[in-house]
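One-letter residues, chain by chain:
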Amino acid sequence: MATRTPLMAGNWKMNLNHLEAIAHVQKLAFALNDKDHEAVEVAVLPPFTDLRSVQTLVDGDKLRIRYGAQDISAHDSGAYTGEVSGAMLAKLNCTYAVIGHSERRQYHNETDELCNAKVKAAYKHGLTPILCVGEGLDVRKAGNQVAHTLAQVDGALDGVPAEQVAGIVIAYEPVWAIGTGEVATPEDAQEVCGAVRGRLAELYGRETADSARIQYGGSVKAGNVAAIMAQPDVDGALVGGASLDVDEFVRIVRFRDQ
Ligand SMILES: O=C[C@H](O)COP(=O)(O)O
């Protein structure tokens, strides 16, 4: 089985301006040591307006922190007011682009079809998608979380080749656990993360499935991360609120010590 490096990614959402971003990343870099970076990949996902400042800091100080954007346009360039292209993000040396976060699906009506176009745009420009999937409370109550989430995976990866999927990050984020303090149990997380890996194996083969990383997201904190990370198909966390607190986020990165 492939050895997957855990990825702890802080999704700041619409928080921290570019000056606050610099202070935050400096504090985070100071708190992390070589041992942390060898064991875990650490990434931040700031608002678009912060990315140039984060890039300058990471490059200038040769930090081992990676960064990416919270969204990406499906288009390369042109008359798409308000959008940011993959080429622009690649120019900023972004590693990641979040695609299909539930807040984009909910507030901006993003569909699986659009997510699929965004996944293809990310790969076209050398970015790694962090593809977000997961069910709402009604679906969970009906017991349909696996089927719902796998349909989102199928839709977003339609036509994406195995060699690209091998490097993808898929974040399973049950919507009812996002920002609510209600974390999924480790078994809930494993049920769906395991099913997602199973689907990747069906679609692309075992080797590809074993090399893709699957994160859990939804009210992850230092106090609950270790049990979630102990699950065999959970390879990291997409952390929202707790990533805004550097000390808490560092404790999440050090999940093995919790
Ligand atoms: O992208 C992160 C998720 O939406 C989780 O957010 P949260 O940790 O604040 O629940």
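Residues numbered from 1 in each chain as written. Predicted model: local features only at pLDDT ≥ 70, side-chain atom pairs only at ≥ 80, totals over all residues. Heavy atoms only, no water.

## Re the site of the ligand
Now for step 1: Around the ligand, the neighbouring residues are Asn11, Lys13, His101, Glu173, Ala177, Ile178, Gly179, Gly218, Ser219, Leu238, Gly240 and Gly241.
Now for step 2: At 2.8 Å from an oxygen atom of the ligand is found a main-chain nitrogen or oxygen belonging to Ser219.
Now for step 3: Here an oxygen atom of the ligand and a backbone polar atom of Gly241 are 2.8 Å apart.
Now for step 4: In the complex, 95% of the free accessible area of the ligand, which totals 310 Å², lies under the protein chains.
Now for step 5: When grouped by side-chain class, the residues that make up the shell around the ligand number three nonpolar, seven polar and two charged. (Near = heavy atom within 4 Å. Polar contact = N/O pair within 3.5 Å; in protein donor to acceptor, adjacent residues only side chain to side chain. Areas by Shrake-Rupley, 256 points an atom, 1.4 Å probe, with all protein chains shown as cover. Nonpolar A, V, L, I, M, F, W, Y, C, P; charged D, E, K, R; others polar.)

## Some remarks on the nonpolar core
Now for step 1: The biggest cluster of nonpolar side chains holds 71 residues, and the ones touching the most others in it are Met8, Leu28, Leu131, Leu157, Ile170, Leu200 and Tyr216.
Now for step 2: With eight residues, the top contributor of residues to this core is helix α10 (residues 186-204).
Now for step 3: When sequence neighbours within four positions are dropped, the list of residues in contact with Ile170 reads Leu131, Val133, Val153, Leu157, Val196, Leu200, Arg213, Ile214 and Gln215.
Now for step 4: Ranked by size, the runner-up nonpolar core spans 11 residues in total, among them Tyr96, Val98, Ile130 and Val169. (Core = buried A, V, L, I, M, F, W, Y, C linked by side-chain atoms within 4.5 Å. Buried < 20%, exposed > 50% of the residue type's maximum accessible area, 1.4 Å probe, protein only. Helix = DSSP H or I, 4+ residues; strand = E, 2+ residues; numbered from the N terminus. Contact = heavy atoms within 4.5 Å.)

## A short note on the sheet that holds strand β7 (residues 213-217)
Now for step 1: Strands sit in the order β1-β2-β3-β4-β5-β6-β7-β8 around a closed barrel of eight strands; the barrel is parallel. Between one strand and the next, the sheet's axes are offset by a mean angle of 25°, whatever the strand orientation.
Now for step 2: Examined bridge by bridge, strand β1 (residues 7-11) and strand β8 (residues 236-239) share four bridges and lie parallel to one another. Across the sheet, residue Met8 finds its bridge partner in β8, namely Ala237.
Now for step 3: Docked against the sheet, helix α6 (residues 112-124) engages β4 (96-99) and β5 (128-133), running at close to 160° with respect to β5.
Now for step 4: Along the sheet face, α10 touches β6 (169-172) and β7 and points at about 145° away from the line of β6. (Pairing = 2+ DSSP bridges. Axes fitted to C-alpha atoms, helices over the stretch in contact; angles between N-to-C directions.)

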